[in-house]
Amino acid sequence: MSVTELKERHLAATETVNSLRERLKERRLSLLDTDIAGYARSQGRSPVTFGPTDLVCCRTLQGHAGKVYSLDWTSEKNRIVSASQDGRLIVWNALTSQKTHAIKLPCAWVMTCAFSPTGQSVACGGLDSVCSLFNLNSPTDRDGNLAVSRMLSGHKGYVSSCQYVPDEDTHLITGSGDQTCVLWDITTGLRTSVFGGEFQSGHTADVLSISINGSNSRMFVSGSCDSTARLWDTRVASRAVQTFHGHQGDVNTVKFFPDGNRFGTGSDDGTCRLFDIRTGHQLQVYHRQHGDNEAAHVTSIAFSMSGRLLFAGYTNGDCYVWDTLLAKVVLNLGSLQNTHEGRISCLGLSADGSALCTGSWDTNLKIWAFGGYRRVN
Amino acid sequence: MMAMEGQQPQSSSENGRESEDYGEEGREKGPHPLAQAGTGSFPGGFIGKHRLQAAITNLNNQISILQEELKKVETIGESSTVCKDLISSVESTPDPLLPFTKGSVDAGWDRWFGGAHHSRNHKRWI
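What counts and what doesn't
- Residues numbered from 1 in each chain as written.
- Chains lettered and ligands numbered in written order.
- Predicted model: local features only at pLDDT ≥ 70, side-chain atom pairs only at ≥ 80, totals over all residues.
- Heavy atoms only, no water.
- UniProt positions renumbered as here; feature names shortened; annotations may be inferred.
- Helix = DSSP H or I, 4+ residues; strand = E, 2+ residues; numbered from the N terminus.
- Buried < 20%, exposed > 50% of the residue type's maximum accessible area, 1.4 Å probe, protein only.
- Contact = heavy atoms within 4.5 Å.
- Areas by Shrake-Rupley, 256 points an atom, 1.4 Å probe, with all protein chains shown as cover.
- Pairing = 2+ DSSP bridges.
- Axes fitted to C-alpha atoms, helices over the stretch in contact; angles between N-to-C directions.
- Core = buried A, V, L, I, M, F, W, Y, C linked by side-chain atoms within 4.5 Å.
- Salt bridge = Lys/Arg side-chain N within 4 Å of Asp/Glu carboxyl O.

Chain B is annotated in an unreviewed UniProt entry as G protein gamma domain-containing protein from Glycine max.

UniProt's Sequence similarities (unreviewed entry) comment on chain A is quoted here verbatim: "Belongs to the WD repeat G protein beta family."

Engineer: So what's going on with the overall build of chain B? Which residues, and what values?
Structural biologist: Along its length, chain B carries three helices and one strand. Reading chain B from its N end, one meets helices and strands in the order α-α-α-β. For chain B, buried positions account for 37% of its 126 residues. Counting only contacts in chain B whose residues sit at least 6 apart along the sequence, the fraction spanning at least 24 positions is 0%. As displayed, chain B offers around 7,600 Å² of accessible surface, 50% of which is attributable to carbon and sulfur atoms.

Engineer: I'd like to hear about the sheet that holds strand S15 (residues 219-224) of chain A, residue by residue, with values.
Structural biologist: Residue and element names in this part refer to chain A. Taken in spatial order, the four strands of this open sheet run S14-S15-S16-S17, and their pairing is antiparallel. Unpaired on one side and paired on the other, strand S14 (207-212) and strand S17 (242-244) mark the two borders of the sheet. The average angle at which neighbouring strand axes cross in this sheet is 20°, direction not considered. Bridging between strand S16 (residues 229-233) and S17 involves three bridges; their strand directions are antiparallel. Along S17, the bridge assignment pairs Arg-230 with Thr-243.

Engineer: Tell me what's going on with the nonpolar core, and back it up with residues and numbers.
Structural biologist: If you look at the biggest cluster of nonpolar residues, it comprises 26 residues, and the most contacted ones within it are Ile-36, Cys-272, Tyr-286, Tyr-314 and Leu-325 of chain A. Going through the elements one at a time, helix H2 (36-42), strand S20 (272-276), strand S21 (282-286), strand S22 (298-303), strand S23 (309-314) and strand S24 (319-323) of chain A together with helix H3 (79-91) of chain B are the ones with two or more residues in this core. Residue contacts for Leu-325 of chain A: discarding those within four places in its chain leaves Ile-36, Ala-37, Ala-40 and Arg-308 of chain A together with Leu-86, Ile-87, Val-90 and Glu-91 of chain B. Residues Val-330, Ile-344 and Phe-370 of chain A together with Leu-97 of chain B belong to the second largest nonpolar core, which totals 22 residues.

Engineer: If you had to explain the pattern of salt bridges to someone new, which residues and values would you point to?
Structural biologist: Oppositely charged side chains may form a pair once their charged atoms are brought near each other. Within the structure shown, the criterion is met by ten salt bridges over all chains. A salt bridge links Glu-91 of chain B to Arg-45 of chain A; its shortest N-O distance comes to 2.6 Å. You can see Glu-91 of chain B sitting in helix H3 and its partner Arg-45 of chain A sitting in the loop between H2 and strand S1 (55-61), one on each of two chains. Among the residues examined, Glu-91 of chain B registers a relative accessible area of 26% and is labelled partly exposed. Since its relative accessible area comes to 29%, Arg-45 of chain A is described here as partly exposed. One salt bridge connects Asp-259 of chain A with Arg-262 of chain A, and the closest N-O pair in it is separated by 2.8 Å.

Engineer: A description of the pairing of strand S2 (residues 68-73) of chain A should follow, citing residues and the corresponding values.
Structural biologist: Residue and element names in this part refer to chain A. Taking burial as the measure, the six residues of S2 include five buried ones, the bulk of the element. Both S2 and strand S3 (residues 79-84) contribute to a ladder of five bridges, which runs antiparallel. Across the sheet, the residue bridging to Ser-70 is Ala-83, located in S3.

Engineer: Any chance you could break down the sheet that holds S2 of chain A for me, citing the residues and the numbers?
Structural biologist: Residue and element names in this part refer to chain A. Taken in spatial order, the four strands line up as S2-S3-S4-S5 in an open sheet, and their pairing is antiparallel. The open sheet has two edge strands with one neighbour each: S2 and strand S5 (98-104). Between one strand and the next, the sheet's axes are offset by a mean angle of 20°, whatever the strand orientation. Here S3 pairs with strand S4 (residues 88-93) via five bridges, running antiparallel. Bridge assignment links Ser-82 to a residue of S4, and that residue is Ile-90.

See the structure below:
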């Protein structure tokens, strides 16, 4: 077949793709009879109200000498690992504010970190395109440094995100600037599956964030610079289960909703969105007008235990607490006493949901908890 | 997402960190169809045959995926059904960070206040 004929076929296929996308968009729009906020209002729900001292900063974890980029809690409630531009991972006992480990990294340009489900190991990744694992129980060297226990090599771009598969210390998933996500077998150090890549139905730009479904660990979602989020099944690497459109900027952060049936996203377009994985519906856009100013980018999100609260960190230092059901900002942690003095770069909820940890470019982490009177229904 | 200070994270991809460009009517102004499919040009300006074939295969895959999705969309309900399900899920789950909660309060929720905090009398030592 000649190049001319191939070009014609290519053009025809492109037109078909575009018209199918348009039809799909129209069909989806016709099914959006309401968003969550509209429905909740129609059911007589009112926004959550917080007193001035209900959510308080009860700990400040000081110790990093550079911007904090990432954090993760252990599943046993009280420990946190944080990654900073100072080239260190610090493991904290969040309850006592004590550091239990300070790990000097072989590559200082770290972007992400994660705790293993048992809390025995931590993983990190960054501009070296490698995911490095550290066994916290292994002995330190003369200088008190912990050696890398395993290096997962194979990405062709920076490692932007990593997460262990829940209830397994043997597998983790990474997202990368090479447009792919990878499921790794930690015991062998080999790639089990690659999600996306050239000429696959994957992301068409850097993957920035991933989140594994807590209710079904075979499913995970990824957010990318291509302005989409994609849902993947680890058993079917060749193509995404579904692609979620709507954002008009890089999708910096994705997080599964507690029930596992939906997920949230945060983007450079200044909005957070909530998507349903079974229907593909975009259920809500969380956006606050800032007058004529360009909206601050969303850097990180987290849901409270029930999903009623959506915590969103922004590049301007705000940390909005959204009422998920009413799409209203009910509190701004960034305006409270003892808050951060820089951009909120990462957020995470403790395993039992009793505390939120925020990490910032001001080099600190802060623990927020409910300190008011709790009404029991 | 913001690049790290002092060093730009470089993607191996050509389109790297570009945001989509939107036209006046909110429609996406896509690049040239050939560029869109990731086809590269040879120095003479000719597009490689094998690259074109790969791009066509990719587009055909996309077509079948979109057709499948269209079929699936015909069977799904309206968003109000999902909203109803979401509200009942949210309201039936205890939440330590809310000023109200379902069921009993776990004593461990207040561990951040070192035992000196009692929600009953609002005293706290931080």
